[in-house]
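Okay, here's what each chain looks like letter by letter:
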Number of protein chains: 6
Amino acid sequence: MKVITFGELMLRLQPYNYLRIVQSESYEATYGGGEANVAVSLSNYGIDTEFVSILPNNEIGQAGVNSLRKYGVGTKFIKRKGDRCGVYFLEKGASQRASKVIYDRKWSSFYFSEPEDYDWDAIFEGADWFHISGITPAVAPALREIAITACRKAKEHGVKVSCDLNYRGKLWTRDEAKETMTKLAKYVDVCIGNEEDASDVFGIKAAGTDIYGGKLSVEGYHSVAKQLMETFGFEKVAITLRTSISASVNKWSALLYDGKEFYQAKEYEINIIDRVGGGDSFSGGLIYSLLNNYSGQDAIEFAVAASCLKHSIEGDYNLVTVDEVTKLVKSGGSGRVQR
Amino acid sequence: MKVITFGELMLRLQPYNYLRIVQSESYEATYGGGEANVAVSLSNYGIDTEFVSILPNNEIGQAGVNSLRKYGVGTKFIKRKGDRCGVYFLEKGASQRASKVIYDRKWSSFYFSEPEDYDWDAIFEGADWFHISGITPAVAPALREIAITACRKAKEHGVKVSCDLNYRGKLWTRDEAKETMTKLAKYVDVCIGNEEDASDVFGIKAAGTDIYGGKLSVEGYHSVAKQLMETFGFEKVAITLRTSISASVNKWSALLYDGKEFYQAKEYEINIIDRVGGGDSFSGGLIYSLLNNYSGQDAIEFAVAASCLKHSIEGDYNLVTVDEVTKLVKSGGSGRVQR
Amino acid sequence: MKVITFGELMLRLQPYNYLRIVQSESYEATYGGGEANVAVSLSNYGIDTEFVSILPNNEIGQAGVNSLRKYGVGTKFIKRKGDRCGVYFLEKGASQRASKVIYDRKWSSFYFSEPEDYDWDAIFEGADWFHISGITPAVAPALREIAITACRKAKEHGVKVSCDLNYRGKLWTRDEAKETMTKLAKYVDVCIGNEEDASDVFGIKAAGTDIYGGKLSVEGYHSVAKQLMETFGFEKVAITLRTSISASVNKWSALLYDGKEFYQAKEYEINIIDRVGGGDSFSGGLIYSLLNNYSGQDAIEFAVAASCLKHSIEGDYNLVTVDEVTKLVKSGGSGRVQR
Amino acid sequence: MKVITFGELMLRLQPYNYLRIVQSESYEATYGGGEANVAVSLSNYGIDTEFVSILPNNEIGQAGVNSLRKYGVGTKFIKRKGDRCGVYFLEKGASQRASKVIYDRKWSSFYFSEPEDYDWDAIFEGADWFHISGITPAVAPALREIAITACRKAKEHGVKVSCDLNYRGKLWTRDEAKETMTKLAKYVDVCIGNEEDASDVFGIKAAGTDIYGGKLSVEGYHSVAKQLMETFGFEKVAITLRTSISASVNKWSALLYDGKEFYQAKEYEINIIDRVGGGDSFSGGLIYSLLNNYSGQDAIEFAVAASCLKHSIEGDYNLVTVDEVTKLVKSGGSGRVQR
Amino acid sequence: MKVITFGELMLRLQPYNYLRIVQSESYEATYGGGEANVAVSLSNYGIDTEFVSILPNNEIGQAGVNSLRKYGVGTKFIKRKGDRCGVYFLEKGASQRASKVIYDRKWSSFYFSEPEDYDWDAIFEGADWFHISGITPAVAPALREIAITACRKAKEHGVKVSCDLNYRGKLWTRDEAKETMTKLAKYVDVCIGNEEDASDVFGIKAAGTDIYGGKLSVEGYHSVAKQLMETFGFEKVAITLRTSISASVNKWSALLYDGKEFYQAKEYEINIIDRVGGGDSFSGGLIYSLLNNYSGQDAIEFAVAASCLKHSIEGDYNLVTVDEVTKLVKSGGSGRVQR
Amino acid sequence: MKVITFGELMLRLQPYNYLRIVQSESYEATYGGGEANVAVSLSNYGIDTEFVSILPNNEIGQAGVNSLRKYGVGTKFIKRKGDRCGVYFLEKGASQRASKVIYDRKWSSFYFSEPEDYDWDAIFEGADWFHISGITPAVAPALREIAITACRKAKEHGVKVSCDLNYRGKLWTRDEAKETMTKLAKYVDVCIGNEEDASDVFGIKAAGTDIYGGKLSVEGYHSVAKQLMETFGFEKVAITLRTSISASVNKWSALLYDGKEFYQAKEYEINIIDRVGGGDSFSGGLIYSLLNNYSGQDAIEFAVAASCLKHSIEGDYNLVTVDEVTKLVKSGGSGRVQR
């Protein structure tokens, strides 16, 4: 099985531990980006992957390529051109102090993507699944059409398409998002998002939910999932459910809707090590379980357990095996030492 | 607006993370001290500040000056003389193991302060507020008179005076503290403390409080505040309320009394990163909100939210902006990522 | 008073903080091993100790010796021969991700122990207590007989013997363990274990306990303790009670049975810094309190408080003083700063 | 005395020690930039300084401001606007492996400078000296005119102007440089450069010099200095003389020409810790010595000794005092411990 | 072009900077091994590579695989079985203190290699070059035959074979080495070694060489090369020439003999960052230049420049590009900053 | 054999690598002090040692005790009283920038030494050698008499006495030094110093020496040695010869005079890692070789080689074995890797 993901890989610069940027004299340097993170997740599950992107032909770009190769992700469709690798600064929050992300990704090599940079026929040859998120078309105006083309091409090649809505208000407006994502949605089989995404991108809302207050209405989420499916005809809709108690503790779950049934996963209360990439690890887990024909309940349990574990791992990438995820699904996560 | 603070700046040496001193082969080196911490808080809120002190004319002293300049605190009233910079070692606790402070501040340049080291008329010219804590007069016998002079001079210049009682049993006895602080109190407008301070310094007690047991009696605190105001004629009394569940988790709140009403702030349950300087950050927040004529409730909410955030920041200094504090007051602190 | 402990000392390699092994580019290097950990605990309580073992005569072995000397443990009975120091890799877990231990201890200098490497008469001269765990005889077939000899010799010298059952399924089978430990048990005065150990080693079970689910049945533990005492005639049996809520939070307590009464200690809810060596620190605390003729209740409270503190300390060794343990027993562990 | 410098401040990201970028998992984060470096040098010598620039109004920009405040540089003329802080990656070379700089400075807040961002009349009020380098006008087309205006305005305010030619081939062509720098040169009093700069910017060449081969022709440098002075009518010309033996060892000296005499400084053989900012520290030293009316020989000795010391200091900034430079001029640099 | 290399990959544990093992509390963790190092060199030059080996199926083995994937080395012929990854400890020397290597590689997964672990026909399909060193057959008795088989199979597949003699006295005796290497040599086309290797393995000696004294006799090396070629009928013989001035400074060169002419490369005086893997980087450079049909002189210059650069790079792997090596060959290595 | 040394142990705080104090945010924390360093040297050579001193009874003092125990030094004569451990800050120099030491040792527990703190009869029981340096009596006025008493008591117990003159101008004047050291010298058998010490302490000078210029006159040193012996009747005089080329490179040798012959050791050119403690490691090496009845030439070669190696080791302590020193004496220090 082979999965293709398409998006931007950024250099992630983070002060060590809980230092604020203004007090830090060094940065931990890793790489990450929504779709790259999904590819790493899948590669760690033993799936063949190719990550499609553009990076500059310098050491900063090379180190990004290396970070993917290290975990077995295919990099032959990463074009090398242009001058800069997108950067994001991450200041990790704690307790009542929220994490903060400062993007410095504009003008990157990927930002200057042109349609001819991507040979979709070659890319999708032999592929089984294609994953993209709402961030990719938001990076630059030219990428909107490219993203739609990618999805269309995937369908033409008989490749399943999943899309994480992932609305980023700093990259485009709600209207721009709606216009592009509506076009893109018609090629999508599996739609992933949270309630905010559905509202921000498509204006689909549900009552009874107060994200900041920590209360989640299951009915509200069901209503959102149903509306998404009815509007766009997705095969499946998955909605992640995060209750943010503080920057240190979150509750985390998700539901899956296949048009007939709602499958609700176990909820985990998580002491957070690093929550960036949590949603991507959910997508990675879900794609894995659907590719392997897990039942609806098993699929959503696997995806939630996988992304629960991600919150305990530093960096964007989810570095867990199928075994570890499965063990968590079964054990419930008491965290005893494995000797 | 300009705020003057007066006290000692110490080199703070702390093993990384949760290492004990006996197992540490390196120390994180920052600087801190009650009144310096208040100045940094205020400078980060955009207030002009001057920190008054004495530091040795060597690199250890210079690094201390630099640590203040870095955050915009005025350093022109820091006299450079003598041989040593006070030091304190901080071993950070966790769970049931308490944090431990070892002072090595005796014989410092500041310890050898003489009255003629300070030109109070020059210092208070154009100033709006003066802050001092009970630590400053406790450092050395000569500093008792100097601290009283400073407060008297501040009043003569029409400068508001705030004082954090901050009793340190390793520096002076309760009797010494009472004698000096009683004299000093008559120049103070805003008195800040916790219940222990009121008891240690002035013998003012309230029933119904068990600090170790985690129960706080609101009535007890009201009684302490009232007694303080009645005895010394303060304009305002603020009392911080800490419930120590463990070295890792504390509850934190405060109340403000203006002689008529009691204003009680929201209580936060905090996963602690660094609690040293928590009280100072409260003073900083309170001075800011009073200088800006916040209402009683808004003032205490700002001060408590500011110091709540301090607990998530490494080092003595509270590195937050007015914006961040205000956002916490409004949101209640769920800690969602700010992208 | 002098205590002898006998076992293997390993180089412990651990990625910093919560990094996984596959993402770590450095290892924190400390040393540890069940019986060495007990010796360090006792040395920190002011007890004379000697650790009996074998280490290679190279720098890796020397650094191990030094790590013990640093904390005052006697090292004159550590023979230097062979080529390798056992190693264990520790990946610290967090939240739902369990800690993981990878042993690389086979073929070590200690593994190749021969009976003539140990002069038990010299070792036990002037000793008051001998401690061993079920790991030592499990390291290699030859060590089974050596361990039994050690215990027998201790008894001949009038030395008290304590044994922590500590079953390690990667080192030997349950049958092998039962055979050896049954022989060894007859020289043991104080038996230490948890419910799993009793079951794994001796097949002694109690109903009503679900370790993963977080429920502990006090009656079950009493039944286990009674069976152990009846079967082997121990003077005292101590059983540690861990409830693993997650890799970040555990509840921790223990009970002591002297054949007449059960003494149950206070239970602590612990935010874990490092739980490896938790059981060893319990043994260390228990030996100290029994050596000093603490009452049954005081003894178990001391042992549990000591090992509660260990969970807040990095590394295998418990670096606390009698004073600190006693303070926790009295205060209940609110973790206020000690200035 | 007050010195104004104008240019860009960049975040400097450098792998620790001698790691290559492709193997580094962290970056040391400091700030630097030609003219900012000169301001720090002078501030450390006790001179009042103001650095004129633009930085984004986020934490990355704030940390840059703080890095200057820390060393006492005035920051009130640093405008805060735009989105990004220029970045440069520095891979430190060793032995035969050259250091490598990767610029990621395009599209920065400073790059988008507009004439109305700078109020030169306010900036030059009370100033004694203005320093700029050839990098500033090279950053963006709009900055060419702004740089010329700055120099013109400085002259109108009676402020001395120094300029370090500093040709950067990655930022503009030789023709562009020549056109702009020729216009700018007419406002310059003190011209600083090396032989390559004179050739790259103005096409002024001297025979007999082989930079890579390690041979320097004194006559050649004299000829270059004379041609510069004759062409542009500078008051003084200073030329730095670097002989690169390897990335680890350089020889370093300079000469000063005042139209009448050539002053040649002592040559130092340097074991390099960090050579970035070496030229800027020379400018800083020269401005200091000229501001203080040092004789020609004393001035060039001070400037060379100052920049010799810079090579032993990590980061762009030269962190030495007048005392330390003077001591090196006198002692010749045997490096004995100062106790 | 595709190159196969066969050997052991070890975890390399090194104290940071120049700390001795007995004072280090952490280890830098990288991976290395003669033939793996050669594969990384070649992969960095753009050559397809496969590294053949055995590693345990745990995280320590996986991190080793990842370290190779990161730099693009093919890992599909790395079998995963057994329990342990070989380890070596490296203490970096300085000045008169020599570097020290402590091997802990016995009993590794690779040590327990069996003939059926390797499918040489599959491995050599489509390969152009096979590289092995004298370390591989020395690891364990069973590996002697396996190594010979590998070379024989390579010849059968028409693959060129290079061998670095690399005698390791801690792994086998001179007699054992001679017996095995004599058999293996008959399949070797390109023989690489230094004078000591030739003497230790084959008893081939040359007069006039004093390695410790820093004098090298060119004639002596020619004589060794000739004897090697005459005895074994190699196509080419390359001899590396190291003059160890101290642990901090070495001179480094090499010669190549093709049976007709001797090609002597430029000698570099190197300030050493890390000299481990220096010989392997020479082999990597030589294989590259021979694969690309460089002339004798160009080939040896490339190989020596490549390995000269290695000495400036931390870790076993040589992380340089063809461009960088070529630039050094041309420039002579003055180490100027590349901006 | 047992050696006693007497002096102060200080906490040594040093910025990492070559950072200046004003730019450092952390300190490497080790311990050191002239006489403690000598004890560690000897302990590493297998000699029994006891270090006599006073340290505070807190964690800072305990960590100092532990640093000695780690390397096997006896600590039973370290009295624990008072409040502070002396501190010294070390900023490591490079190239033309000298290392800088800032002492913060005044008012330490050792500074407040009283005669009754030391039970010399107990201390010298069974001892063979006593070592002290000129620093110990310089620490505080009361220590002058105590130091003289110690030497006198040593002689009474038949213990050999060595003294390193080690003049510290920041601790006492030349006159004070002369007065005390003249009294102390009469108990000394082996006098160690450099030319400056002889001049500073006793006013003994030799012509022809220019320490800063790098030229050393052998005749001058002979004259100094002779004068020392004639004046005080020492059994042996050793003079260390350092030529400081820069902070990075020194030449190092020494001579020994026994009243009849001068023994001059090999001179080493050293690339310095850490030169603090260089003189102490010389004393340690000399005491070892004299205790073992080495010939004059062998003794001085051992002492110089030992201290040559110290320059390659971080921290005050010389961590080398007799084997390593002997190997250097024989090999001449080419620094080849020891595998």
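Structure: above.
Student: Sorry, what's going on with the packing of aromatic side chains here?
Tutor: Two measures describe an aromatic ring pair: the distance that separates the ring centres and the angle between the ring planes. Applying the stated criterion across every chain, the model contains 129 aromatic pairs over all chains. Members of the aromatic cluster, connected to one another through ring pairs, are F6, F110, Y118, W120, F124 and F130 of chain A. We note K92 of chain B situated over the ring of Y18 of chain B; from NZ or CZ to the ring centre the distance is 5.8 Å. Here the basic side chain of K266 of chain D rests over the ring of Y268 of chain D, its NZ or CZ set 4.4 Å away from the ring centre.

Student: What am I meant to see in the interface of chain B and chain A here?
Tutor: Accessible area lost upon the coming together of the parts serves often as the stated size of an interface. Listed as interface residues are 24 residues of chain B and, on the opposing side, 27 residues of chain A. Roughly 2500 Å² is buried in total at the junction of chain B and chain A, and carbon and sulfur atoms are behind 51% of that figure. The interface formed by chain B and chain A contains 2 salt bridges. Of the charged contacts, one joins E324 of chain B and R20 of chain A as a salt bridge, the two residues approaching to 2.7 Å between their closest N and O atoms. The interface formed by chain B and chain A holds 8 residue pairs in polar contact (both at pLDDT 80 or more) in total. Those elements giving two or more residues to the side of chain B that touches chain A turn out to be β14 (268-271), α9 (296-310) and α10 (322-331) of chain B. Sorting elements by how many residues they give to the side of chain B that touches chain A places β14 of chain B first, with 4 residues.

Student: Can you walk me through the sheet that holds strand β6 (residues 87-91) of chain B in this structure?
Tutor: Strand pairing in a sheet relies on backbone hydrogen bonds. The paired strands run either parallel or antiparallel. With mixed pairing, the 8 strands of this open sheet are ordered in space as β7(B)-β6(B)-β2(B)-β3(B)-β3(F)-β2(F)-β6(F)-β7(F). The sheet terminates laterally at β7 (100-104) of chain B together with β7 (100-104) of chain F, the two strands that pair on one side only. On average, adjacent strands in this sheet sit at an angle of 30° to one another, irrespective of strand direction. Two strands pair when backbone bridges link them, and strand β2 (residues 10-14) of chain B and β6 of chain B are joined in this way by 3 bridges, in the parallel orientation. Across the sheet, residue R12 of chain B finds its bridge partner in β6 of chain B, namely Y88 of chain B.

Student: Help me understand the relation of the copies chain B and chain A, please; the structure alone is not making it clear to me.
Tutor: Both copies of the chain are related by one operation, a rotation about an axis with a shift along it. Superposing chain B onto chain A takes a rotation of 120° plus a shift of 0.0 Å along the axis, which leaves an RMSD of 0.0 Å. One copy is carried onto the other by what is essentially a three-fold rotation axis. Across chain B, the rotation axis passes nearest the C-alpha of N17 of chain B, at a separation of 5.2 Å. Here only 4% of the interface residues in chain B have copies in chain A that are interface residues too; the copies meet through unlike faces.

Student: I keep staring at helix α7 (residues 195-202) of chain D and nothing clicks. Help me out?
Tutor: Given 3.6 residues to a turn, an α-helix orients residues that are three or four positions apart in the same direction. Residue and element names in this part refer to chain D. Within α7, 7 of the 8 residues are buried, which leaves it mostly tucked inside the rest of the structure. Of the residues making up α7, those classed as buried are E195, D197, A198, S199, D200, V201 and F202. Its buried side turned inward, α7 meets β9 (160-164), α6 (174-185), β10 (190-193), α8 (218-232) and β11 (236-244). The backbone nitrogen of E196 has a side-chain oxygen 3.1 Å away, supplied by the residue at the start of α7, namely N194. At the exit of α7 stands G203, carrying a positive phi of roughly 70°.

Basis of the calculations
- Residues numbered from 1 in each chain as written.
- Chains lettered and ligands numbered in written order.
- Predicted model: local features only at pLDDT ≥ 70, side-chain atom pairs only at ≥ 80, totals over all residues.
- Heavy atoms only, no water.
- Phe/Tyr/Trp six-rings, centres within 6.5 Å; stacked < 30°, edge-to-face > 60°.
- Lys NZ or Arg CZ within 6 Å of the ring centre and 35° of its normal.
- Contact = heavy atoms within 4.5 Å.
- Buried area = accessible area lost by both parts, 1.4 Å probe.
- Salt bridge = Lys/Arg side-chain N within 4 Å of Asp/Glu carboxyl O.
- Polar contact = N/O pair within 3.5 Å; in protein donor to acceptor, adjacent residues only side chain to side chain.
- Helix = DSSP H or I, 4+ residues; strand = E, 2+ residues; numbered from the N terminus.
- Pairing = 2+ DSSP bridges.
- Axes fitted to C-alpha atoms, helices over the stretch in contact; angles between N-to-C directions.
- Least-squares fit on C-alpha atoms with pLDDT ≥ 70 in both.
- Buried < 20%, exposed > 50% of the residue type's maximum accessible area, 1.4 Å probe, protein only.

Read these as spatial facts, not as claims about activity.
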